[in-house]
Structure formats: C-alpha cells, structure tokens
Amino acid sequence: MRFSTAAIHVGQEPDTATGATIVPIYQTSTFTQSMPGEHLGYEYSRSGNPTRTALEKVLAALEGGEHGLAFASGLAAETAVLSLLRPGDHIVAAEDLYGGTIRLLRRIFEPLGISSTFVDAGSLDAVEAAISPSTRMLWVETPSNPLLNITDIRGAAALAHETDALLVVDNTFATPYLQRPLEFGADIVVHSTTKYAGGHSDVVGGAIVTSDETLAERIAFYQNAAGAVPGPFDSWLVLRGLKTLALRMRMHSSNAAAIAERLVGDPAVDSVYYPGLTTHPAHDLAAAQMDAFGGMVSVRLAGGGPAARAFLGELKLFSLAESLGGVESLASLPAAMTHASVPEEERARRGIDDALIRLSVGIEDLEDLLDDMGHALEATRHV
Ligand SMILES: *Cc1c(COP(=O)(O)O)cnc(C)c1O
C-alpha cells in the first residue's frame, strides 16, 4: 500500500459495532466487561483506546515501522524514549535540537544522572568525537531548527551501532511523507504531531515509531505506567490530519521552495537557509534522504535586528507566532521567541541572531504569500 492509501485506510476499517466509515471518537474512560477479565480488547483508556489504536497503527505504517505509540505531546513522547536510559548513561545530542528537547535533557534528565553532550550533528566527525563508552543514545533532528542543518541519518546510525547505542531521529520537520529515518537505520523515530502530522494548529500530540519489538514493549509499558496519553478527540484530530499529509507536504514544499528562491539575491537579504537550494551546504545529502525539502525556510536580513522587526511588523498573511507545520503561514524571530532561552553567546556562535527570521510556509496561494514577502522586504529598505 502506498503512502496516501495507507494514511487513509490503515487501522481505519469500518467500525465493527456500527459500520461507521470514519473511526469514531471513543470518548470513554472505561469499557464494560461481560465477565471479570472478559472484554473486547480494551479495559481502560490510559492503557488503550480504539481511536488511539487507529492513530498508532497508521503512524507506524507511514514511518515504515512495526510499532507506533501515541502520546499527549511531542515532549511526552521524548520522555518515554528517554525512560529507556539509566543513571550513568550518556547521550550525544545535536546542539540545534528543538529548545524543549534541550531543556528536557539538561533540566530533567541531567539531574537524574543521564548526561548529554551537544554537538554540531551536521558533522559526523563531531558526533563520533563526542561518543564515550557510556554513550547509549544519539539524538538528532533533521532538518534542524531554525537553521535547517542536515544530519546524515545512515552515517549517524552506523556510528550509534558501532558503540551499542540507539539512534533517535526527531522527524517532526520532514514528516514520514518526505523522510523515513527507519529506512536509513534509525532505531526510534519521534514526532511532535502538533506540527505537520496534525497540520491544522489545533492539537498538541506526540508519537514514537520503532520496528524493534523489545524497545516497543518497554516504551508501551512506560506509556501506560507514566500515563501521558492523548485523549480520544486529540487522537482523532491527528488521525484526520494525517489523511491529507501528502497533499499538504507537497504544497508546503513547493511554496517554501518558491519563497526561498524569491528571497535569494534580494538586496534586503543576507542569507537564506533552505535545504532545497543547491547552495545549501548539505543539499545533496538532503536530496538523498528526503523526497522534497519541506515547508521551513529561515532568512537573515541584511539590515540586522531593526530590519527583522520592520519585516515582521509589515507581514500580513504570515502571523507572528511560535509553532509551525499548520496550513497557515507563520513567521518568528527565534532569538526572541523559540530560542530566547538559549544563552546569548551560544546563539551568536550558532548564527541565531536578531536578524534571523524563521518562516513556516503554509499552503495558501503562492502569489499571495509572495506579495506579502515583497511588501515586508520593501519595508526593511527604509529602516
Ligand atoms: C514542537 C516540537 C517538539 C515538541 O513537541 P510538543 O508537541 O510541543 O511537545 C519536539 N520536536 C520538534 C522538532 C518540535 O518542533
């Protein structure tokens, strides 16, 4: 079964009780048993709920994995993955992971004795140099946020497996439509389904997919024992979002590519970050492991911080907002918004300065988005 067919049909057979064509929102906490211990597969909705089961099946199918597990948020899914580790274990993590992931590693897991070393995961040499005998996990995000750096998933998997560590890939930005890390040797894929998977900025959720039976069992045990599960309605919203993932990602990618092209060479622009541009330093690698380049574009304006603020003030269609991956276009200033908690000197070293703007390009009509860009760029010429 191909991608969109799977997105629409896997785990979503007509309801056996009523014939409902669409998976119902089983808004129930408990399930009636005919005799003690005799039930139809569900007992209590933290342990399992049919709407969530449908979502878990389709997520696994889309990532090309055997087991899917859904969570209340992306960070809840990440916590479940990190529960595989024990005090004394070490993680090599990309330095440009999602800010909340860095906070989770530094502020929650570090005090529990699970340490992390952050490296430029665009360089496998840097990853390798950070691996120590206690390293049990490599954690990368590709493309990364906000500079759209690319990690070689196959190469990172080889490094992880040489040292008996697991490779975890956060596939939120690419989505399984554009990139399937398990195919390149990753052990676990994590998602914030809040973003492209849900796709309509109306739900917070997370997911894990793996083909390793033992890992899946351990994470499923944690999912039930710790309890950060998505409710039936949230599961249903993500399930509905996934049905159009392919259509949306094609449109996000083509709009983003056109906007990146528009920004390149404009006198108001200093640099453009988009893996689909042939000038991106890892364009060939991105082309090898992705089917298209996604909807995220970052741009550094030539006029510095004042130009960036003028630009954001002038945008009409792009909302000034955190988050990403919805059908509507968003713009943000990472240094003051998503990455404000990163120490200033570290931001400077990584190039996340006051002139850097991150765009989550939506699926509106391209001409309208280009007009909005044009007006906003014009405004920066007068600061
Ligand atoms: C948003 C995001 C997360 C965290 O997910 P939540 O659903 O907000 O908990 C993790 N990774 C990436 C890449 C994200 O964009």
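Residues numbered from 1 in each chain as written. Predicted model: local features only at pLDDT ≥ 70, side-chain atom pairs only at ≥ 80, totals over all residues. Heavy atoms only, no water.

**Some remarks on the overall build of the protein chain**
Link 1 in the chain: Per the secondary structure count, the protein chain includes 14 helices and 12 strands.
Link 2 in the chain: By the compact-globule yardstick of 21 Å for 383 residues, the protein chain fits well, its C-alpha radius of gyration being 21 Å.
Link 3 in the chain: Across its three principal directions, the C-alpha atoms of the protein chain cover 75 × 50 × 35 Å.
Link 4 in the chain: The burial tally for the protein chain puts 55% of its 383 residues in the buried class.
Link 5 in the chain: Of all intrachain contacts in the protein chain linking residues separated by at least 6 positions in sequence, the fraction that spans at least 24 positions is 72%.
Link 6 in the chain: Positive and negative side-chain charges of the protein chain, numbering 26 and 47 respectively, have mean locations separated by a distance of 3 Å. (Helix = DSSP H or I, 4+ residues; strand = E, 2+ residues; numbered from the N terminus. Rg over C-alpha atoms; globule rule 2.2 N^0.38 Å. Buried < 20%, exposed > 50% of the residue type's maximum accessible area, 1.4 Å probe, protein only. Contact = heavy atoms within 4.5 Å. Lys, Arg positive; Asp, Glu negative; His and termini not counted. Charge placed at Lys NZ, Arg CZ, Asp CG, Glu CD.)

**Considering the nonpolar core**
Link 1 in the chain: Counting 65 residues, the largest nonpolar core has Leu242, Leu263, Val297, Leu301, Phe311, Ile357 and Leu359 as the members making the most contacts within it.
Link 2 in the chain: At 7 residues, helix α10 (residues 245-263) tops the list of elements feeding residues into this core.
Link 3 in the chain: Three or more residues apiece are contributed to this core by two domains, here domain 1 (3-242) and domain 2 (245-380).
Link 4 in the chain: In contact with Leu242, not counting residues within four places along its chain, are Ala7, Leu55, Val58, Leu59, Leu62, Ala197 and Arg248.
Link 5 in the chain: Listed in part, the 45 residues of the second largest apolar core include Ala77, Val92, Leu105 and Phe109. (Core = buried A, V, L, I, M, F, W, Y, C linked by side-chain atoms within 4.5 Å. Domains from an automatic or database assignment.)

**Details of the environment of Ala340**
Link 1 in the chain: Locating Ala340 in the fold gives a position in the loop between β11 (330-332) and α13 (344-350).
Link 2 in the chain: Remark: the alpha-carbon pair of Ala340 and Ile352, spanning 12 residues in sequence, is separated by 9.8 Å.
Link 3 in the chain: Among all residues touching Ala340, those that are not within four sequence positions of it are Pro334, Ala335 and Arg347.

**Some thoughts on the site of the ligand**
Link 1 in the chain: Close to the ligand lie 15 residues, the nearest being Gly74, Asp170, Ser192, Thr194 and Lys195.
Link 2 in the chain: Within the side chain of Asp170, an N or O atom sits 2.7 Å from a nitrogen atom of the ligand.
Link 3 in the chain: Between the ligand and the protein, one listed contact pairs an oxygen atom with a side-chain N or O atom of Lys195 at 2.7 Å.
Link 4 in the chain: For the ligand, the accessible surface in isolation is 380 Å², of which the surrounding protein chains cover 93%.
Link 5 in the chain: Residue composition of the shell around the ligand, grouped by class: 5 nonpolar, 6 polar and 4 charged. (Near = heavy atom within 4 Å. Polar contact = N/O pair within 3.5 Å; in protein donor to acceptor, adjacent residues only side chain to side chain. Areas by Shrake-Rupley, 256 points an atom, 1.4 Å probe, with all protein chains shown as cover. Nonpolar A, V, L, I, M, F, W, Y, C, P; charged D, E, K, R; others polar.)

**Quick look at the domain arrangement of the protein chain**
Size of an interface, as often reported, equals the accessible area lost when the parts are brought together.
Link 1 in the chain: For the protein chain, the assigned domains read domain 1 (3-242) and domain 2 (245-380).
Link 2 in the chain: Just the C-alpha atoms count here: the centres of domain 1 and domain 2 sit 26 Å apart.
Link 3 in the chain: Contacts between domain 1 and domain 2 engage 33 residues on the former and 40 residues on the latter.
Link 4 in the chain: Interface area for domain 1 against domain 2, summed over the two sides, is near 3100 Å², with a carbon-plus-sulfur share of 59%.
Link 5 in the chain: Considering only the surface of domain 1 that becomes buried against domain 2, Leu147, Leu178 and Tyr196 emerge as the three largest contributors, covering 25% of it.
Link 6 in the chain: The interface formed by domain 1 and domain 2 holds 2 salt bridges in total.
Link 7 in the chain: Taking the shortest distance from any N to any O, the salt bridge between Arg349 and Glu95 comes out at 3.3 Å.
Link 8 in the chain: By residue number, the principal contributor to the side of domain 1 that touches domain 2 is helix α7 (residues 175-178), which donates 4 residues.
Link 9 in the chain: Considering only residue class, the side of domain 1 that touches domain 2 consists of 16 nonpolar, 11 polar and 6 charged. (Buried area = accessible area lost by both parts, 1.4 Å probe. Salt bridge = Lys/Arg side-chain N within 4 Å of Asp/Glu carboxyl O.)

**Some points on the sheet that holds strand β10 (residues 319-320)**
Link 1 in the chain: The 5 strands are arranged β8-β9-β12-β11-β10 in an open sheet whose pairing can be described as mixed. Edge positions in the sheet fall to β8 (269-273) and β10, since each has one partner strand and no second.
Link 2 in the chain: For β10 and β11, the ladder comprises 2 bridges, and the chain directions are parallel. The residue of β11 that forms the bridge with Ser319 is Leu330. (Pairing = 2+ DSSP bridges.)

**What about the environment of Lys57?**
Link 1 in the chain: Mapped onto the secondary structure, Lys57 falls in helix α2 (residues 50-63).
Link 2 in the chain: On the basis of relative accessibility, which here comes to 46%, the residue Lys57 falls in the partly exposed class.
Link 3 in the chain: Expressed as a C-alpha distance, the spacing of Lys57 and Leu69, which sit 12 residues apart in the sequence, is 8.3 Å.
Link 4 in the chain: Contact partners of Lys57, with chain neighbours within four places excluded, come to Val10 and Gly11.

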